[in-house]
Amino acid sequence: MYPPAFDYRRASSVDDALSQLSSDDGRDVRPIAGGHGLLPAMKTGELAPDVLVDIGNCEELRGIERIDEGVVVGALTTHAELVDSAVLRERVPVLAQTAAAVGDVQIRTRGTIGGNLVEADPGADVPAALLATGARIRIQGADGHRELRAADVVGGPGETAVAHDELVTEIVVPDAACGAYVKRTHPSRGFAMVGVAAVVEVADGAIATARLGAVGATERPIRLRSVEEDLEGVAVDVIDDESGEGGELIVDEAAIEAAAGLAAGDVDGRHQGDVHASGAFRAQLLGPTVAQAVSAALERASRGEPA
């Protein structure tokens, strides 16, 4: 299966790419990096751009940098680089874990965090972690720079707040020491049929805050706010062992399961289904997936080893 004919251009920098994307000649011009979303859509006839602008040589879009509040990740950073990053595993381990759940080795090697976000597939894994961590997305266009919350970027399948003549340049991810990602994998596509990223903070023997991002169950990534509110205050205790490497986690599992059961209400009326799984089935999977993600995040907190 071959894509329709198109013109190919290679950008040498972000400014060069933006100049080519904003050419006003009525043609459909799109950026391409890893191409794991765009090329399959072209082969199936879903998309037929006139021009592809290769941004793979825009080195300013690569890298992972430590900052006071967390990390800044370049939009062209691959999933494999996220997984291997010592800085990320220390400061935001849930993002590294989520990247490890993306596709297969080939996709993780070529696919990028920016591409995963702007492809806006309902089952894309990375947006779950970006919502749970409260990440912010930096976007650049001909008119300058702007910054959006991750929750405001994806509007629905294939729909984002990024204009055709703009590029995602960086993702700012705040520190999130204790988190986990759990997914139910789509049987044929490898995307998340349901995926949940959980970030928790424990203080004074209880869950102080919880943030949960979910993908797959609805047409856009969402926060599970009812679950978050119900988790706050749930008792958590750790019985230290003599090794100094954490201890046994004692947690009110019934309270976690009860909170997780509220997830179906957070997606009520917004279910999305396909030939592999109905919306109702995805909603049914959501609660147990939330409970597993929260329990895994708490387990990491008890060990004192976020990665």
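Here is what the cut-offs are and how they apply
- Position labels on residues start from 1 in each chain and follow its written sequence.
- In keeping with the predicted nature of the model, local features appear solely for residues at pLDDT of at least 70, side-chain atom pairs appear and are counted solely at 80 or more, and the whole-chain, interface and lining totals rest on all residues.
- Only hydrogens and water are removed before side-chain values are computed, so all heavy atoms of the structure are retained for them.
- Per-residue accessibility, obtained with a 1.4 Å probe over protein chains only, is compared with the maximum for each type, and a residue is labelled buried under 20%, exposed over 50%, and partly exposed between these values.
- Going along the chain from the N terminus, every DSSP run of H or I of four or more residues is numbered as a helix, and every run of E of two or more is numbered as a strand.
- Paired strands, in this sense, are two strands between which DSSP finds at least two bridges.
- Side-chain atoms within 4.5 Å link the members of a nonpolar core, which is a set of buried Ala, Val, Leu, Ile, Met, Phe, Trp, Tyr and Cys residues.
- We call two residues in contact whenever any of their non-hydrogen atoms come within 4.5 Å of each other.
- Every axis corresponds to a line fitted to the C-alpha atoms, with the helix fit spanning only the stretch in contact, and the corresponding angles, defined between N-to-C directions, vary from 0 to 180 degrees.

Colleague: So what's going on with the pairing of strand 5 (residues 70-74)? Residues and values would help.
Modeller: Counting buried positions along strand 5 yields 5 of 5 residues, so the element is predominantly enclosed. In this structure, strand 5 lies alongside strand 10 (residues 166-174), joined through 5 bridges in antiparallel fashion. By the bridge assignment, G70 is partnered in strand 10 with P174.

Colleague: Lay out the nonpolar core with the relevant residues and their values.
Modeller: Of all hydrophobic cores here, the largest spans 38 residues; its most connected members are V92, L95, L130, I137, I171 and V173. Within the residue set of this core, elements represented by two or more residues are strand 5, helix 4 (86-91), helix 5 (93-100), helix 7 (113-119), helix 8 (126-133), strand 6 (136-141), strand 10 and strand 12 (192-203). With 6 residues, the top contributor of residues to this core is helix 8. What V173 contacts, discounting residues up to four positions off in sequence, is E69, G70, V71, V92, L95, L130, T133 and A135.

Colleague: I'd love a proper account of the sheet that holds strand 1 (residues 7-10), names of residues and values included.
Modeller: Pairing in this open sheet of 3 strands is parallel, and the strands run 1-3-2 from one edge to the other. The open sheet has two edge strands with one neighbour each: strand 1 and strand 2 (29-32). Mean inter-strand twist for the sheet, computed between neighbouring axes without regard to direction, equals 25°. Sheet topology places strand 1 next to strand 3 (residues 51-54); 4 bridges connect them, and they run parallel. Bridging across to strand 3, R9 finds its partner in V53. The strands touched by helix 1 (residues 14-21) within the sheet are strand 1, strand 2 and strand 3, with strand 2 carrying the most contacts at an inclination of about 150°.

Colleague: Please provide a residue-by-residue account of the pairing of strand 4 (residues 64-67), values included.
Modeller: Here is the key point about a regular strand: its side chains alternate between the two faces of the sheet. Note that strand 4 and strand 5 share 4 bridges and pair antiparallel. Considered in strand 5, the bridge of E65 is made with V72. A loop of 2 residues connects strand 4 with strand 5, the two strands running antiparallel in sequence.

Colleague: Any details on unusual backbone geometry? Residues and values, ideally.
Modeller: At A120, a residue that is not glycine, the phi angle is positive and equals roughly 60°. The residue A120 is located in the loop between helix 7 and helix 8 in this model. Looking at A120, the relative accessible area reads 3%, which means it is buried.

Colleague: Lay out the sheet that holds strand 14 (residues 222-223) with the relevant residues and their values.
Modeller: Each strand in a sheet pairs with its neighbour through backbone hydrogen bonds, running either in the same direction (parallel) or in the opposite one (antiparallel). Strand order in the open sheet formed by 4 strands is 11-12-13-14, and the pairing between neighbours is antiparallel. Looking at which strands have only one partner, the edges of the open sheet turn out to be strand 11 (179-185) and strand 14. Those strands touched by helix 5 are strand 11 and strand 12, and its axis lies near 20° from that of strand 11.

Colleague: Run through the side chain of T98, naming residues and quoting values.
Modeller: Structurally, T98 is set in helix 5. Residue classification places T98 among the buried positions, given a relative accessible area of 0%. Ignoring sequence-local partners within four residues, the contact set of T98 consists of D125, V126, A129 and Y181.

Colleague: Break down the environment of D165 for me, with residues and values.
Modeller: With respect to the helices, strands and loops of the structure, D165 is situated in the loop between strand 9 (159-160) and strand 10. Since its relative accessible area comes to 22%, D165 is described here as partly exposed. When the C-alpha positions of D165 and S19 are compared, they lie 8.2 Å apart, and in sequence the two are 146 residues distant. Filtering out sequence-adjacent residues up to four positions away, D165 remains in contact with L18, L21, S22, Q140, G141 and A142.

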